[in-house]
Amino acid sequence: MSAAPLLEVRVPDMGNFKDVAIIDVLVKPGESVEVDTPLVTLESEKATMDVPSTAGGVVEKIHVAKGGTVSTGDLIATVRSGAAGAAPDAPAARPAAAPPPPAPPPRPTLPAAAAAPEGGERPGKLVPFSQLGTPTSYRPDLPAIDEPGFSRAHAGPSVRQFARELGVDLARVKGTGFKGRITHDDVKAFVKRALAAPAAGPAAAPAAAPAAGARPALPALPVVDYSQFGPVETQPLTRIQKISGPRLQAAWVSIPHVTQFDEADITELEELRASLKDKAQAAGVKLTPLAFIMRAVVKTLLEFPRFNSALDAEGANLIVRKFIHMGFAADTPGGLVVPVVKDAHRKDVYELARQLGQLSEKARSGKLPPLDMQGGCFTISSLGGIGGTAFTPIINPPEVAILGVSRSTLRPVYRGSSFVPRLMLPLSLSYDHRVIDGAMAARFTTYLAQTLAEPRSLLEAVL
Ligand code: CAO
């Protein structure tokens, strides 16, 4: 009677993956395995998988070690066949004496959700991160994931996928499974503890749980060495850009922005402005379109006070302001700044124009004091002097809306029974959708457009 045959288990076809890290070896020599028992866990940058045994029997030798790497066809283990579970048709199990085999046929790759039934392991299935759902670190209620620690954690692919979906850092989870392996239940218990932690007090919180209200870390962007593609020069950001950059990013990430586009017929407004411009200039005032637009926005805000409000810190109440301090974006050599015209609702168009000129001048010469940039209720960002047809301005918190103005153009507009040339001004209103809904935003821009289209009212004295 001959000895039971020695069978080889090799790494199945992994497509383009090479030198994939072995993050766990799940069996030892002398242990019994069945067909499909996971032998090792591999993790590349993009996928994680268990390599299942293709033979049933007793593990004779493990040919790889945790921390090493493997590629398709590499020998993982030799298994002395004859024990329960041997599969006569297992494709990758061959007598050890056989010549080096070609890569075994690839198994079909299933989407992660289909491959991982609740509580069970489905080995050998590549699980691309793109199919893993929620970005890993985008959970305000859980600590950020430490990727190296996550890779080292003793857990199978479906548990890893489950943890990724929930944003759980496996490095922090204590495994209660066989040899300390982390199970689905361990991940669930971790999440329950993390969610209960704030109510239970700081002592019960996970070590690195963020403070209440803390923002989740953003997924990291790749660090690129651009010089590998061609000559480069590093230019530091200006002081203003270094300050405003994180604020703009915070606003962009924290506020659900929607932008409502509209256009106003400012043909008559421009005729009126042209008729007043020289006289105003003689009095030392540059009567630009922005002064009229600001006056029209003040009137519109008085009709729609919600746009002049702020959300309180808890996001539960609106603070509706009874004054209008109007910010306007100014392009300066050092970067974008937002001077604020205080009490804009108490100023006529000439006074607004005067303030715009003075504040712009101070901003461009870098002499704008902090007080002149504080207390804004609503901002106008005008690119009309430069060009463009529309854009999506970023809200300037704690404000809840911002008006973008682009360059006016003379266009044929159908009126009555024919086209007539009209000067049309593009408006782009970005608003915080937590505070303002789309219908209200459309009413706001419609009212504003009508106000701009009938400019006489903009010249009324302000009491
Ligand atoms: N359509 C057509 N022409 C316009 C216009 C519009 N919407 N708005 C202004 N103009 C014209 C003006 O009439 C002026 O022409 P004249 O000198 O012949 O009268 C010319 O453009 C320049 O105007 P201005 O820029 O001097 O004055 P302003 O009041 O329109 O704007 C200010 C002042 C400070 C807002 C502007 O200079 C500025 O800095 N704009 C950039 C704002 C910005 O960067 N926004 C982006 C923020 S988000 O990144």
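Attention in this report is confined to the structure presented alongside it. Note that the structure is a prediction, hence the values are computed from the model and not measured. (Residues numbered from 1 in each chain as written. Predicted model: local features only at pLDDT ≥ 70, side-chain atom pairs only at ≥ 80, totals over all residues. Heavy atoms only, no water.)

1. Some points on the overall build of the chain
Here is step 1: The helix and strand tally for the chain stands at 9 helices and 20 strands.
Here is step 2: The 463 residues of the chain split such that 42% are buried.
Here is step 3: Restricting the contact set of the chain to residue pairs at least 6 apart, pairs at least 24 apart contribute 64%.
Here is step 4: Looking at the chain as shown, the accessible area adds up to about 24,300 Å², and 57% of this sits on carbon and sulfur atoms. (Helix = DSSP H or I, 4+ residues; strand = E, 2+ residues; numbered from the N terminus. Buried < 20%, exposed > 50% of the residue type's maximum accessible area, 1.4 Å probe, protein only. Contact = heavy atoms within 4.5 Å. Areas by Shrake-Rupley, 256 points an atom, 1.4 Å probe, with all protein chains shown as cover.)

2. What to know about the pairing of strand β4 (residues 38–43)
Here is step 1: Burial analysis of β4 places 5 of its 6 residues in the buried class, the great majority of the element.
Here is step 2: Relative to β4, strand β2 (residues 20–25) runs antiparallel, the two being bridged by 4 bridges. Of the residues in β4, the one forming a bridge with D24 is T41. (Pairing = 2+ DSSP bridges.)

3. Re the site of the ligand
Here is step 1: Around the ligand, 23 residues are found, and the nearest of them are T288, D331, R364, S381 and S408.
Here is step 2: Taking T288, its side chain carries an N or O atom lying 2.7 Å from an oxygen atom of the ligand.
Here is step 3: Backbone polar atom of S408 to a nitrogen atom of the ligand: 2.9 Å apart, as the coordinates give it.
Here is step 4: Contact with the protein chains covers 72% of the free accessible surface of the ligand, which is 960 Å².
Here is step 5: Taken together, the residues of the shell around the ligand sort by class into 9 nonpolar, 8 polar and 6 charged. (Near = heavy atom within 4 Å. Polar contact = N/O pair within 3.5 Å; in protein donor to acceptor, adjacent residues only side chain to side chain. Nonpolar A, V, L, I, M, F, W, Y, C, P; charged D, E, K, R; others polar.)

4. A look at the pattern of salt bridges
Here is step 1: Evaluated as defined, the whole model comprises 14 salt bridges.
Here is step 2: Close ionic contact of R415 with D265 constitutes a salt bridge, the shortest N to O distance being 2.8 Å. Note that R415 is positioned in strand β19 (residues 409–415) and D265 in strand β10 (residues 257–265), a separation of 150 residues in sequence.
Here is step 3: Look at R415 and you get partly exposed, because its relative accessible area is 39%.
Here is step 4: On the basis of relative accessible area, D265 is assigned to the buried category, the value being 10%.
Here is step 5: Each of D265, E268, R415 and R422 takes part in salt bridges that share partners, so that together they form one network. (Salt bridge = Lys/Arg side-chain N within 4 Å of Asp/Glu carboxyl O.)

5. Examining the environment of L287
Here is step 1: Of note, L287 is situated in the loop between α6 (267–282) and α7 (289–303).
Here is step 2: Exposure remark for L287: the relative accessible area of 1% places this residue in the buried category.
Here is step 3: Note: C-alpha distance between L287 and K277 (10 residues apart in sequence) is 5.7 Å.
Here is step 4: Beyond its immediate chain neighbours, meaning those up to four positions away, L287 contacts R273, L276, K277, A280, F292, V349, Y350 and A353.

6. Here we look at α6
Here is step 1: In a regular helix each residue adds 1.5 Å, so 16 residues correspond to 22 Å; α6 covers 24 Å between its end C-alpha atoms and thus fits that length.
Here is step 2: Along α6, the residues that are buried comprise T267, L269, L272, R273, L276 and A280.
Here is step 3: Immediately beyond the C-terminal end of α6, within one or two residues, lies G284, with a positive phi of roughly 85°. (Expected span 1.5 Å × (residues − 1).)

7. A few points about the nonpolar core
The nonpolar side chains of soluble globular proteins are, as a tendency, buried together.
Here is step 1: Residues V297, M326, F378, I380, L403, L429 and L452 are the most contacted members of the largest nonpolar core, which totals 52 residues.
Here is step 2: In terms of residue count, α7 provides more of this core than any other element does, 9 residues in total.
Here is step 3: Among the nonpolar cores identified, the runner-up in size contains 21 residues, and L7, V11, L39 and V64 belong to it. (Core = buried A, V, L, I, M, F, W, Y, C linked by side-chain atoms within 4.5 Å.)

8. Notes on the side chain of S430
Here is step 1: Along the polypeptide, S430 turns up in strand β20 (residues 418–432).
Here is step 2: In this structure S430 comes out as buried when scored by relative accessible area, which is 0%.
Here is step 3: Within polar-contact distance, the side chain of S430 engages the backbone oxygen of P393 at 2.7 Å.
Here is step 4: Discounting chain neighbours no more than four positions away, the residues touching S430 are H257, V258, T259, T392, P393, I395, V400, A401 and I402.

9. Structural notes on the pairing of strand β6 (residues 57–62)
Here is step 1: When strand β3 (residues 32–33) meets β6, the two strands line up antiparallel, connected through 2 bridges. The residue of β6 that forms the bridge with S32 is V58.
Here is step 2: Relative to strand β8 (residues 75–81), β6 is paired through 5 bridges, and the arrangement is antiparallel. Paired with V58 across the strands is R80, a residue of β8.

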